[in-house]
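Listed below, chain by chain, are the residues.
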Amino acid sequence: MSVRKDSVEMGVTNQGFQDADGDASDSVSEAESVEKQESTGVKMDPDPDPEEKYNQMKPYAGMPKEVLLLYSSQARYRVPREILFWLTVCVTLALVAITITVIALSPQCMSWWQASPVYQVYPRSFKDSDGDGVGDLKGIMEKLDHFQYLNIKSVWISPFYRSPMKDFGYDVEDFREIDPLFGTMQDFDKLLAEMHDRGLKLIMDFIPNHTSDRHRWFNLSRIRDPHYEDYYVWVDCDPNGPKPNNWVSIFGNSSWTYDEVRGQCYLHQFLKEQPDLNFRNPNVVQDTIDTIHFWLKKGVDGFRMDAVKHILEAPHLRNEPQVDPNKPPELVTTEWDLHSDYTTSQVGLHDLLRQFRAALDTYSREPGKYRFMVMESYDYEEVEKTMRYYSTPLVRESDFPFNFYLLDLPYNASGVWAKHLVHLWMGNMPKGEWPNWVVGNHDRHRISSSAGPAYVRVINMLLLTLPGTPTTYYGEEIGMENINVTQSEIQDPAGKYNTSASRDPERSPMQWSSDMNAGFNSITNVTWLPVHPDYETVNVEVQKKDEGSVLSQYSFLSHLRESELALHRGWFCYVHADANVFSYLRELDGLDRAYLMVLNFGKESAITDLSYIPELPDQLTVQLSTNHVNNGKVYQKSQIKTEVGEGLVIQYSTSQRYNPNHPEECYISQKACYLPTVNILYKC
């Protein structure tokens, strides 16, 4: 009996274990229980070693540290624990490595300005909400559903600043006020908020080159206010004598006008009511940047910078060389009579534009809040000048300059000409940059009038299947035509100088329905320009019900462009061009489907033979034709038939890629490959 008591005291009793009151009284009953269980072992070894006494027990809940440490050091407990530890470390490191690899190999995500077409709204003509015959901001808000139907996510609105309207808003009286004709600042704030709620982005027109002659800055400059004296380009001149030089306005005649208040001539590259700002004055630069900040703080998503090549002039003010040196100087009255060597694209211009870009970048740091900037510069055959507006790897400038070359499509109806205009941009664009395409705007005739109604669908198909960002002028999605404007109806200042130069025909009210005034103004029978007489058949409401309409096909292609990686960010490759047909394909490495476009811009039907292209399957099925009765047709690749103005979108499956074998015919902005097993894109 004494042996049992000793063994309990030495081998079992845990003097360090106490209950919540610090009492060890429970240890006695515990010891008695253990005594009964261990009695046989005690009898066999009357004087066991202390370590062996611990081994006589199994692990139990609440065991003391000494017992826990004893068992934890045994191999059957230690080895699994170490395996789990190192397994956890390896898995963690593997996950970190995979994450880093995915980030490193992932191509850059497309930004919002690359995701959908940009839609230009000319506010005077889009929708009138108050019955005065002029479109307004509330009218735009009423029609936001239209953008969503078209899968438009970026809306560019032409100027709505306070203005005397000598050039319909491009003569700005106050850059921080809304003209009452279009509404109030509260209307603008509501429009912007509603657009953002719907996932739409708002791009504003910004006019840095000039102001209105009613602008506060100009009036202070006229009276030689010390701060504003040099805000504009002033030169001594004789009011009755020759002008300071031979520079000519865009609208015709001299770029110089004498001001009686100041007693000097001021420069205006546009109307005399639009004096040019002096951007060699740092105060002008700062005030302009402050204005940009004003709108960015409100939440504007980007700017279209107007007429940027005119911002700076050569300070020496020399005469510009004449195109025809033998022409009498007094007959030099248009911009086409001079080489604009001293009034456009001057040294320092891009440094100035980069300051504007820097202002936008300060607001672009939040995810999804990127601020976009596009330049407007008509450089015609001097395409290299246009390309300088792109950013470089070291310096940020515009996201892209507008590409106006497709506006010349109607001048030569052929597939070869279409390819030439496309290649004019793709062949000169800096590597890795994003292209864009414009087929209409507020300064150029509508597609239906310039190219003809038969070509509207195929030109829209070209616009929406080329790589890059397409820009659509309001009404082109339904095939609106120019209106006829009599001399008494002319509103455009350019047309008042020269009736043949009027831009009114392409600015007629948007045709929404067959109702009064085409649904543009449903309150009164007043419109600022006449509505086109075909509005009862050419309007949004009618075309939504017709799956073969211009509108329905535009909407289909816009959604297809977004949903298909090959169209959105894949390779673009020339395939064929002749007197009628321009054909190209879009593909993405790793993706088992690609798209072939066959577009007939010619004056006769054509059969295109693409049998010499082994990468194409022998049979091709039409997914969409501009002549909807041909949807679903199957063609042999040696006999693809198209009518005049017909375009085909052909989707095909293939494991062969065209671009590796024809690198000189293919372009891509940001190369990426598709991995179907995990459904991801990666750099390749």
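Residues numbered from 1 in each chain as written. Predicted model: local features only at pLDDT ≥ 70, side-chain atom pairs only at ≥ 80, totals over all residues. Heavy atoms only, no water.

On a regular strand, each side chain points to the face opposite its neighbour's, so the side chains alternate between the two faces of the sheet. The two faces of strand 1 (residues 118-121) match: Val118 and Gln120 on one face and Tyr119 and Val121 on the other face are all buried. Two elements, strand 1 and strand 13 (residues 469-473), share three bridges in a ladder whose sense is parallel. For Val118, the partnering residue across the bridge sits in strand 13 and is Thr471. Examined bridge by bridge, strand 1 and strand 2 (residues 154-157) share four bridges and lie parallel to one another. Bridge pairing in strand 2 links Val118 to Ser154. (Buried < 20%, exposed > 50% of the residue type's maximum accessible area, 1.4 Å probe, protein only. Helix = DSSP H or I, 4+ residues; strand = E, 2+ residues; numbered from the N terminus. Pairing = 2+ DSSP bridges.)

Turning next to the pattern of salt bridges. A complete count under the given rule lists 28 salt bridges for this structure. The shortest N-O distance in the salt bridge between Arg78 and Glu82 comes to 3.9 Å. Of this pair, Arg78 and Glu82 both sit in helix 5 (residues 75-105), four residues apart, roughly one helical turn. For the salt bridge of Arg198 with Asp145, the shortest nitrogen-to-oxygen distance reads 2.5 Å. (Salt bridge = Lys/Arg side-chain N within 4 Å of Asp/Glu carboxyl O.)

Right, let's get into the state of the cysteines. Simply put, the disulfide is a covalent bond whose two ends are the sulfur atoms of two cysteines. This model, assessed by the stated rule, comprises three disulfides. A disulfide bridge connects Cys237 with Cys265, and the sulfur atoms are separated by 1.9 Å. Classification of the bridge connecting Cys237 and Cys265 rests on its S-S torsion, roughly 85°, and on that basis the disulfide is right-handed. Of this pair, Cys237 sits in the loop between strand 6 (234-235) and strand 7 (256-259) while Cys265 is found in strand 8 (residues 264-267), placing the two residues 28 residues apart along the sequence. What makes Cys237 buried here is its relative accessible area of 18%. The residue that forms a disulfide with Cys573 is Cys666, at a sulfur-sulfur distance of 2.1 Å. (Disulfide = S-S within 2.5 Å.)

This brings us to the layout of surface pockets. In this structure, the largest pocket occupies an estimated 1,200 Å³ of space. Taken together, 43 residues form the lining of the largest pocket, with Ile250, Glu335, Tyr380, Asp443 and Arg503 sitting closest to its centre. Going through the elements one at a time, helix 16 (447-450) and helix 18 (493-497) are the ones with two or more residues in the lining of the largest pocket. Among the residues making up the lining of the largest pocket, the classes are represented as 20 nonpolar, 13 polar and 10 charged. (1 Å grid on protein atoms, 1.4 Å probe; cavity = no way out; pocket = protein on both sides within 12 Å on 5 of 7 lines; lining within 4 Å. Points joined across faces, edges and corners; volume = space filled by probe spheres on them. Nonpolar A, V, L, I, M, F, W, Y, C, P; charged D, E, K, R; others polar.)

Looking now at the confidence of the model for the protein. Predicted confidence across the protein gives a mean pLDDT of 91, with 92% of residues reaching 70 or more. pLDDT under 50 marks residues 1-46. Its contacts with residues more than four places away, or in other chains, come to 24 contacts. In the predicted structure, residues 50-54 sits below a pLDDT of 50 and forms eight contacts with residues beyond four places in sequence or in another chain. (pLDDT = per-residue confidence, 0-100. Contact = heavy atoms within 4.5 Å.)

Let us now look at the packing of helix 10 (residues 185-197) against helix 12 (residues 282-298). Between helix 10 and helix 12, the least distance of the axes is 11 Å, while the angle of their chain directions is 55°. Judged by the inter-axis angle, helix 10 sits oblique to helix 12. Only Phe294, Trp295 and Lys298 of helix 12 make contact with helix 10, whose side of the interface consists of Met185, Phe188, Asp189 and Leu192. Considered class by class, the residues forming the contact of helix 10 with helix 12 number five nonpolar, no polar and two charged. (Axes fitted to C-alpha atoms, helices over the stretch in contact; angles between N-to-C directions. Parallel < 35°, antiparallel > 145°, perpendicular 65-115°, else oblique.)

Relative to the elements of secondary structure, Ser249 occurs in the loop between strand 6 and strand 7. At a separation of 3.0 Å, a polar atom in the side chain of Ser249 contacts the main-chain amide nitrogen of Phe251. With sequence-adjacent residues up to four places away left out, Ser249 is seen in contact with Ser254, Ser255, His268, Gln269, Phe270, Leu271 and Glu335. (Polar contact = N/O pair within 3.5 Å; in protein donor to acceptor, adjacent residues only side chain to side chain.)

Once that is clear, we can look at the nonpolar core. Ranked by internal contacts, the top residues of the largest apolar core, which has 137 residues, are Phe147, Phe188 and Phe303. With seven residues, the single largest contributor to this core is helix 17 (residues 456-465). Those residues in contact with Phe303 that lie beyond four places of it in its chain are Ile203, Met204, Phe206, Ile292, Trp295, Leu296, Leu360, Phe372, Met373 and Val374. Ala606, Leu620, Leu648 and Cys666 belong to the second largest nonpolar core, which has 21 residues in total. (Core = buried A, V, L, I, M, F, W, Y, C linked by side-chain atoms within 4.5 Å.)

Okay, the packing of aromatic side chains next. Any two aromatic rings considered together are summarised by their centre-to-centre distance and by the angle between their planes. Across all of its chains, the model carries 42 aromatic pairs by this definition. Consider the rings of Tyr473 and Tyr474, whose centres lie 4.7 Å apart with planes at 70°: the pair is edge-to-face. Here a set of aromatic residues connected by ring pairs shows up, and it is made of Trp112, Trp113, Trp156, Trp336, Tyr370, Phe372, Tyr378, Tyr380, Phe400, Phe402 and Phe404. Positioned above the aromatic ring of Trp528 is the side chain of Arg124, whose terminal nitrogen or guanidinium carbon lies 4.4 Å from the ring centre. One cation-aromatic arrangement involves Lys544 over Tyr149; the distance from NZ or CZ to the ring centre is 4.7 Å. (Phe/Tyr/Trp six-rings, centres within 6.5 Å; stacked < 30°, edge-to-face > 60°. Lys NZ or Arg CZ within 6 Å of the ring centre and 35° of its normal.)

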